[in-house]
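Topology and contacts: notes
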Amino acid sequence: MHKYYMQKIHKNKLFSLVFLTLLVMLMSVKPVKASTIILDFTSNPSTNIFGVSTNAFDSSPFGFTGLSHSQVIESIFDTVVDDFFGYMYPSLPPGKELDLDFEIGAIGSGPLSGDSDYSYFKIGEDYLNQTGALGHACLSCALTDNFSYSAGAVVGSIFTDNLLGLAQLALTDEDRINLIAGTTSHEIGHALSLPHPTSAEANPGESRFGLMGTGASPTSMPNGERILDRAFSYSNFEQLISAVGLRDIIVDVPEPGTVMLMLLSLTLLASRRKLSK
């Protein structure tokens, strides 16, 4: 075959490889989320929609032995995210996940993703002792189609000084993380429409009580269950699907450096093929 036509075929193949690489990148772009929940551990002080103020989260009284303060925050966040995305449910179709996003941030900063629908949950100490609760949140007010407050409202709080009274139940760092993260996911669940159940409920977690269980009526859950790795009950997760919807699970876009290396590799491969002809 004439050299001109060989070079033309070679260029077409290279173009096709580059085009396919860029196409995969574009298909991997995550869409803007329907709602973003921002967890704030640092604002000091801050006031939620109920008028209750909190200081920043202080992990030192809990007695963590193998985690730094920043690692505790990351572990709490990761556990909360896992509560919403880490379990298998019969009602969850393959390749789908809740249409919901989570970030660590500071009140007033807005989400890094640029989402227009977002709300805050504050994790910290009720330094004025305004409530004896472990946490509180308004029912359904974090839902996009039922937003009771303007975007950026602090719709719930977790009072870690009140949780500290249960810290003696925890024997390990994992127990302590479960205690704080479980309460956080519980309050987020309220803001996404979930009520307290009347009893223990079937779920994929370690406890026979789901995350929406409460120590008070109507559930009367023993406090010892709080240090276990609890999960949303099967019925609760069905309600979450109905409330927030589902989206396709999409692979994250590769880092720019990775993309450049991919393109460079394709170019070098094509060049070697050309030299070998």
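If you check an unreviewed UniProt entry, the protein chain appears there as PEP-CTERM sorting domain-containing protein from Thalassomonas haliotis.

Focus: the overall build of the protein chain
Counting its regular elements, the protein chain contains 6 helices and 9 strands. For the protein chain, the proportion of its 277 residues judged to be buried stands at 43%. At a minimum sequence separation of 6, the contacts of the protein chain that also span at least 24 residues come to 74%. If you sum the accessible surface of the protein chain, you get close to 13900 Å²; carbon and sulfur atoms cover 58% of it.

Re empty space enclosed by the protein
Across all of its chains, the model carries 2 cavities of 30 Å³ or more by this definition. As a volume, the largest cavity reaches approximately 50 Å³. Taken together, Thr79, Asp83, Asn178, Ala181, Gly182, Leu211, Arg226, Leu228, Asp229 and Arg230 make up the lining of the largest cavity. Elements represented by at least two residues in the lining of the largest cavity include exactly helix 2 (69–85) and helix 4 (173–191). With 3 residues, the single largest contributor to the lining of the largest cavity is helix 4. The residue makeup of the lining of the largest cavity, split by class, is 3 nonpolar, 3 polar and 4 charged.

Thoughts on the sheet that holds strand 1 (residues 36–40)
Strand order across the open sheet formed by 5 strands is 5-1-6-8-7, with mixed pairing between neighbours. Every interior strand has two partners, whereas the edge strands, strand 5 (101–104) and strand 7 (135–137), have only one. Adjacent strand axes in the sheet meet at a mean angle of 20° when their direction is disregarded. Lying on the sheet, helix 2 is in contact with strand 1 and strand 5; it crosses strand 5 at an angle near 175°. Each of strand 1, strand 5, strand 6 (118–124), strand 7 and strand 8 (154–159) is contacted by helix 4, which is oriented at about 155° to strand 8, the strand it contacts most.

Structural notes on the environment of Asp175
Looking at the element boundaries, Asp175 is found in helix 4. A residue is classified by how much of its surface remains accessible, and Asp175, at 15% relative accessible area, is buried. Measuring from C-alpha to C-alpha, the distance between Asp175 and Leu228 comes to 6.5 Å, with 53 residues separating the pair along the chain. Every residue in contact with Asp175, bar those within four places of it in the chain, is listed here: Ala170 and Ile227.

A look at the side chain of Thr160
Relative to the assigned elements, Thr160 resides in helix 3 (residues 160–163). Overall, the relative accessible area of 1% leaves Thr160 in the buried class. Each residue touching Thr160, except ones within four places of it in the same chain, is listed here: Phe57, Phe62, Ile123, Gly124 and Glu125.

Quick word on unusual backbone geometry
Of the consecutive residues Asn44 and Pro45, the connecting peptide bond is found in the cis state with omega at -5°. Here Pro45 shows up in the loop between strand 1 and strand 2 (46–47). One non-glycine residue, Ser220, lies in positive phi territory at about 55°. Residue position: Ser220 is located in the loop between helix 4 and helix 5 (234–244).

Quick notes on the packing of aromatic side chains
Tallying each qualifying case throughout the model produces 9 aromatic pairs. Each ring, one from Phe84 and one from Phe102, has its centre 5.0 Å from the other, and the planes form 45°; the classification is tilted. Within this pair, whereas Phe84 is found in helix 2, its partner Phe102 is found in strand 5, the two being separated by 18 residues in sequence. Of the two residues, Phe84 and Phe102, both sit in the buried class. With 5.8 Å between their ring centres and 90° between their planes, Tyr118 and Tyr120 make a pair best called edge-to-face. Comparing Tyr118 with Tyr120 shows no difference in burial state: the two are buried. Put simply, the rings of Phe41, Phe57, Phe62 and Phe64 touch in pairs and so form one group of aromatic residues.

Notes on the pairing of strand 1
Taking burial as the measure, the 5 residues of strand 1 include 5 buried ones, the bulk of the element. In strand 1, alternate side chains face the same way, and those of Thr36, Ile38 and Asp40 on one face and Ile37 and Leu39 on the other are all buried. Strand direction decides the pairing type here: strand 1 and strand 5, joined by 4 bridges, are parallel. Bridge pairing in strand 5 places Ile37 opposite Phe102. Sheet topology places strand 1 next to strand 6; 5 bridges connect them, and they run parallel.

About the cut-offs
- For every chain, the first residue of the written sequence is number 1, and numbering continues from 1 onward in sequence order.
- Per-residue local features of the predicted model are confined to residues with pLDDT of at least 70, and side-chain atom pairs are confined, for both listing and counting, to 80 or more; whole-chain, interface and lining totals are unaffected and use all residues.
- Based on all heavy atoms of the structure, the side-chain values leave hydrogens and waters out of the count.
- Helix numbers and strand numbers start at the N terminus; a helix is a DSSP run of H or I with at least 4 residues, a strand a run of E with at least 2.
- Only protein chains enter the accessibility calculation, which uses a 1.4 Å probe; a residue is then buried when its area is under 20% of its type maximum, exposed when over 50%, and partly exposed in between.
- Contact definition: two residues touch when any of their heavy atoms are within 4.5 Å.
- Accessibility throughout is a Shrake-Rupley quantity obtained with a 1.4 Å probe, and a residue counts as covered only by protein chains that appear here.
- Grid spacing is 1 Å over the protein atoms alone, the probe is 1.4 Å, and a cavity is where that probe fits but cannot get out, while a pocket is an open set with protein on both sides within 12 Å along at least five of seven lines and lining residues have an atom within 4 Å of a point.
- Grid points are joined across faces, edges and corners, and a volume is the space filled by probe spheres set on the points.
- Basically, the charged four are Asp, Glu, Lys and Arg, the nonpolar ten are Ala, Val, Leu, Ile, Met, Phe, Trp, Tyr, Cys and Pro, and anything else, Gly included, counts as polar.
- Any two strands are treated as partners once DSSP identifies two or more bridges connecting them.
- Note on definitions: angles span 0 to 180 degrees between N-to-C directions of axes, and those axes are lines fitted to C-alpha atoms, for helices only across the stretch in contact.
- Between 30 and 60 degrees the pair is tilted, below 30 it is stacked and above 60 it is edge-to-face, where a pair is any two Phe, Tyr or Trp rings, Trp via its six-membered ring, whose centres lie within 6.5 Å.

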